[in-house]
Amino acid sequence: MNGWAQAADTAGAVLLLLGAAVSLLGAIGMLRLPDVLSRGHAATNPQSLGMLLVLGGVALRLRSGIDLGTLGLIGFFQLLTGPVAAHLVARVAYRTGHVGRAGLLFDELDEQLSGGPGPRGPAGPDGE
């Protein structure tokens, strides 16, 4: 084994450990945080970063074209679907009343759902 391959294997192992640690912190955050919106944040952001680090570590260990393409597709679809799913869960929690609205700084969705004026006031006939 040459020096570059050993360096790539070592970097891959480090990335795997870092990704596992970040994912573990996200899972602990999901258990410890108090409300749905905070848990959705912990479910999405650290998990996405942890997953990318793990995929990077696996890519450095495998180093084959087919494997790299498959890992790229996995990363793309996970980054595409994870935040969207968390957003939909947060929106359902808001609509069903599981979100404490007193803790929100801005509640623009309430104005949209109640039919009231938007954040800039009533819209004119041309939408401005």
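Rules of the game
Residues numbered from 1 in each chain as written. Predicted model: local features only at pLDDT ≥ 70, side-chain atom pairs only at ≥ 80, totals over all residues. Heavy atoms only, no water. Phe/Tyr/Trp six-rings, centres within 6.5 Å; stacked < 30°, edge-to-face > 60°. Buried < 20%, exposed > 50% of the residue type's maximum accessible area, 1.4 Å probe, protein only. Patch = residues over 30% accessible without salt bridge, like charges linked within 9 Å, V, L, I, M, F, W, Y side chains within 5 Å. Areas by Shrake-Rupley, 256 points an atom, 1.4 Å probe, with all protein chains shown as cover. Salt bridge = Lys/Arg side-chain N within 4 Å of Asp/Glu carboxyl O. Helix = DSSP H or I, 4+ residues; strand = E, 2+ residues; numbered from the N terminus. Axes fitted to C-alpha atoms, helices over the stretch in contact; angles between N-to-C directions. Parallel < 35°, antiparallel > 145°, perpendicular 65-115°, else oblique. Left-handed = near helix turned anticlockwise from the far one by under 90°. Nonpolar A, V, L, I, M, F, W, Y, C, P; charged D, E, K, R; others polar.

**Q** Looking at this structure, I do not really get the packing of aromatic side chains. What am I missing?
**A** For any pair of aromatic rings, the description consists of the separation of the ring centres together with the inter-plane angle of the planes. Tallying each qualifying case throughout the model produces one aromatic pair. When the ring of Phe76 is compared with that of Phe77, the centres are 5.1 Å apart and the planes differ by 70°; the resulting orientation is edge-to-face. Here Phe77 falls in the partly exposed class, since its relative accessible area comes to 46%.

**Q** For this particular structure, what's the right way to read a nonpolar patch on the surface?
**A** Residues Leu73, Phe76, Phe77 and Leu80 make up a contiguous nonpolar surface patch of roughly 410 Å² in combined accessible area. With respect to the helices and strands, the residue Phe76 is situated in helix H3 (residues 65-95).

**Q** How should the packing of helix H1 (residues 3-32) against helix H2 (residues 36-62) be read in this particular structure?
**A** The description of two helices packed together rests on the angle between their axes and the distance between the axes. Relative orientation of the contacting elements H1 and H2 amounts to 165°, with a least axis distance of 7 Å. Taken together, H1 and H2 sit at an angle that is classed as roughly antiparallel. The way H1 lies across H2 gives a crossing that is left-handed. Its residues assigned to classes, the contact of H1 with H2 comprises 20 nonpolar, nine polar and three charged.

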